[in-house]
Amino acid sequence: MKVVKFGGSSLASGAQLKKVFNIVVSDPERKVVVVSAPGKRFAEDIKVTDLLIECAEKSLKNEKTDQALEAVIARYQDIAEELSLPGEIIQEIRLDLTERLNGDKSKPDRYMDRMKASGEDNHAKLVAAFFRKMGVEAHYIDPKEAGLIVSDEPGNAQALPEAYESLSSLRWRSGILVFPGFFGYSKAGDVYTFSRSGSDITGSILANALKAELYENFTDVDAVYSVNPSIVEKPKEIKVITYREMRELSYAGFSVLHDEALVPAFRAGIPVQIKNTNNPSAQGTKIVAERNNTNGPVIGIASDKGFCSIYVSKYLMNREIGFGRKLLGILEDFGLSYEHTPSGIDDISVILRENQFDKEMEEQIIDRIKTELHADQVLIQHKLALIMVVGEGMRHNIGTMARASKALAKVNVNIEMINQGSSEVSMMFGVKEIDEKKAVQALYNEFFVPVMV
Ligand SMILES: Nc1ncnc2c1ncn2[C@@H]1O[C@H](COP(=O)(O)OP(=O)(O)O)[C@@H](O)[C@H]1O
Ligand SMILES: N[C@@H](CC(=O)OP(=O)(O)O)C(=O)O
C-alpha cells in the first residue's frame, strides 16, 4: 500500500485533477491520497491558501471580505466546471467558508488556522467527488474522525504520538481515501495547521501510521535537483538521497519537500519518492536511509536569505563559564530561535532569521547583552544568506572545505562565516544576500560541472 501526496501545483486546475486521477488509478497500491489546496496555475498566480489568509486578515480587521471570499470560491468553481461536477459541491464550499468567516474571532490565531485549513478540507471533498464521478470508490476522510491529533500551536502544529495509533485503522477502510493535508485537531477539538507547505507532513504521518511500503510525493519537477532550479539552469538530478541529506537541504532552502516531513517516514523506515505529476514516467528522486556513495563528496547545495548575525566579543570570554548559556538565555527571553553559533576564543556569533524581530526588539537585545554580559562589542549584521553544502561523502573526502572556499574566493565572494563540524553531512557558509546566487553558482560549478582537459 502506498500513500500519495499531491501538492498545490498538481491540483490547481481541472486538467491537473485529471492527471492526478490517472496516476492514482494506474497503481492499485495507491490507496491514500493526501491533497493540498489548489496552488498556482502559472508563475504570477496566487495559491488558495494565500487568498484565504488575505480573506481572514480582512475579516479580523473588520474590513469587507466579499471580494476575497469570491476569489477563493472562483478557484473551486473553475475546477468544478472544468470537470462537469454538480453545482452542489460549490454550494457546500460556499456554506463552509461563510460559516468559518463568521466564526469566533476572539482568538485570531485559531481563526486564521480554521480559515487556512478550509483550503485543503474543501479540496479533499471536491477531489473525492471527482473520483466517484469517474467511477471509482473514493471517500473524503475527516482528520477529526480519523484521529489526526496535533499540538495546539497555531500555524506550527505537530502530530501527537497518539495520532499514529488512531490513524492506523484507516488501513481497513475500503476504496481510495482522500485525506486533506496541512491540518489536524487538538485534543480539545480545535483546528490547527502545520507550518506552510505542511501537507507534505500529513502524507508522511499517514505513511508511518498505515505502515505504507512507499510515500510518494507528487510535485511539478522531475526530481530533486542538486541545486534550486531557479538559481542554476537545468541542474543535475538527484536519483537517491538519504533522509539526513534531504532534511538538511529542505531546512536550508530546498522547498520541494517540507523539512519536517521526513521524520515520520524515517522513523518507520518508509522510503519517500518525489515524482512529477506532469511527467509521471520520470524516475524522480528516492529518499532512503542509506545510499551507495557514488556522487562524490557533495549531493546538494541549498541556500536561503533573510538571516542576521549577532556578533559578541569580550576579552577572556573563553574563561567565563556560562557565557554562552546567558547569551542564548537572553534570546530565549525574547522567544527567538537561532540557527547556528560559530565561536572563537573571545567571540561568538549567533545566527537568526531576521523576520523574528523588529528594530525595537533588536535594540533591547543589544542593550541587554551589553549590560548583563558586559560585552566589549556587540554588532548586528543584517541581510545574510546561508549556503548549505551537503553530502554523506564529505566525511571521507579530504579537502572539500578547501575546494568550496577556493571556489568562492575565485568569484570574489567574501565568506562572512563558516560552520562545519557539528553536522557530519554538511558545511555552512554565511555570505551577503547580494552574493547568494553568485556563490551558489560557483559552488555548483566546483562540485558538479566536470572540468574539460
Ligand atoms: N533543489 C530543488 N529541486 C527541485 N525543486 C526545487 C528545489 N529547490 C526548490 N525547488 C522548487 O520546489 C518547487 C516544488 O515545491 P512546491 O512549490 O512546494 O510544490 P507543490 O505545489 O507540489 O507542493 C519546484 O517547482 C521548484 O521551484
Ligand atoms: N496549502 C498549504 C499547504 C501545502 O502543503 O501546500 P503545497 O503542497 O502547495 O506546498 C500551503 O500553501 O502552505
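Everything below is about the structure shown above.
Remember, predicted model here, so these are calculated numbers, not experimental data.

Chemist: I would appreciate a short explanation of the site of ligand 1 in the present structure.
Modeler: The environment of ligand 1 is formed by 17 residues, the closest being Ser9, Thr219, Asp220, Tyr225 and Phe254. With respect to ligand 1, the side chain of aspartate 220 contributes an N or O atom lying 2.8 Å from an oxygen atom. Within the contact set of ligand 1, a nitrogen atom lies 2.9 Å away from a backbone nitrogen or oxygen of tyrosine 225. Contact with the protein chains covers 82% of the free accessible surface of ligand 1, which is 570 Å². At the level of secondary structure, the elements contributing two or more residues to the shell around ligand 1 comprise strand E7 (214-219) and strand E8 (224-225).

Chemist: Hey, could you run me through the sheet that holds strand E14 (residues 338-340) in this one?
Modeler: An order of E14-E15-E13-E16-E18-E17 is seen for the 6 strands of this open sheet, with the pairing classed as antiparallel. Of all the strands in the sheet, just E14 and strand E17 (417-420) have a single pairing partner and so form its edges. This sheet shows a mean twist of 35° between the axes of neighbouring strands, independent of strand direction. Taken together, the 2 bridges between E14 and strand E15 (residues 347-353) define a ladder with antiparallel strand orientation. Residue pairing in the sheet places histidine 340 in a bridge with isoleucine 351 of E15. Running at roughly 25° to E15, helix H11 (residues 323-333) makes contact with strand E13 (300-313), E14 and E15 of the sheet. Sitting on the sheet, helix H12 (residues 359-373) touches E13 and strand E16 (377-390), and the angle it makes with E16 is about 110°.

Chemist: Even after reading the chapter, I still don't get the environment of isoleucine 310, so can you show me in this structure?
Modeler: By secondary structure assignment, the location of isoleucine 310 is in strand E13. Looking at isoleucine 310, the relative accessible area reads 1%, which means it is buried. The spatial distance from the C-alpha of isoleucine 310 to the C-alpha of isoleucine 351 is 6.5 Å, given a sequence separation of 41 residues. Setting aside residues up to four positions removed in sequence, isoleucine 310 forms contacts with Leu331, Ile348, Ser349, Val350, Leu352, Ile365, Ile369, Val378, Leu379 and Ile380.

Chemist: Please clarify how the pairing of strand E18 (residues 426-432) should be interpreted in this entry.
Modeler: Note on strand geometry: in a regular strand, side chains alternate between the two faces of the sheet. Where burial is concerned, most of E18 is hidden: 6 out of the 7 residues are buried. In the sheet, E16 pairs with E18 via 7 bridges, with the strands oriented antiparallel. Counterpart to valine 390 in the pairing with E18 is serine 426. Here E17 runs beside E18; their pairing, made up of 4 bridges, is antiparallel. Bridge assignment links asparagine 419 to a residue of E18, and that residue is methionine 428.

Chemist: Help me out: how do you make sense of a negative patch on the surface in this one?
Modeler: Where like charges cluster on the molecular surface, the negative patch consists of Asp358, Glu360, Glu363 and Asp367. With respect to the secondary-structure elements, glutamate 360 resides in helix H12. Since its relative accessible area comes to 54%, glutamate 360 is described here as exposed.

Chemist: Help me understand the side chain of serine 199, please; the structure alone is not making it clear to me.
Modeler: Note that serine 199 resides in helix H8 (residues 199-209). On the basis of relative accessibility, which here comes to 4%, the residue serine 199 falls in the buried class. Among residues more than four places away in sequence, those in contact with serine 199 are Lys5, Val34, Val35, Ser36, Glu120, Gly181, Phe182 and Tyr215.

Chemist: Sorry, what's going on with the sheet that holds strand E4 (residues 176-180) here?
Modeler: The pairing of strands in a sheet happens through backbone hydrogen bonds and is either parallel or antiparallel. Read across the sheet, 8 strands follow the order E3-E4-E2-E1-E7-E11-E12-E10 without closing on themselves; strand pairing throughout is mixed. Both edges of this open sheet fall to strand E3 (138-140) and strand E10 (240-242), since each of them pairs with a single strand only. Averaged over all pairs of adjacent strands, the angle between their axes in this sheet comes to 20°, without regard to strand direction. Relative to strand E12 (residues 285-288), strand E11 (residues 272-276) runs antiparallel, the two sharing 3 bridges. Of the residues in E12, the one forming a bridge with glutamine 273 is lysine 286.

Cut-offs used in this document
Residues numbered from 1 in each chain as written. Chains lettered and ligands numbered in written order. Predicted model: local features only at pLDDT ≥ 70, side-chain atom pairs only at ≥ 80, totals over all residues. Heavy atoms only, no water. Near = heavy atom within 4 Å. Polar contact = N/O pair within 3.5 Å; in protein donor to acceptor, adjacent residues only side chain to side chain. Areas by Shrake-Rupley, 256 points an atom, 1.4 Å probe, with all protein chains shown as cover. Helix = DSSP H or I, 4+ residues; strand = E, 2+ residues; numbered from the N terminus. Pairing = 2+ DSSP bridges. Axes fitted to C-alpha atoms, helices over the stretch in contact; angles between N-to-C directions. Contact = heavy atoms within 4.5 Å. Buried < 20%, exposed > 50% of the residue type's maximum accessible area, 1.4 Å probe, protein only. Patch = residues over 30% accessible without salt bridge, like charges linked within 9 Å, V, L, I, M, F, W, Y side chains within 5 Å. Salt bridge = Lys/Arg side-chain N within 4 Å of Asp/Glu carboxyl O. Lys, Arg positive; Asp, Glu negative; His and termini not counted. Charge placed at Lys NZ, Arg CZ, Asp CG, Glu CD.

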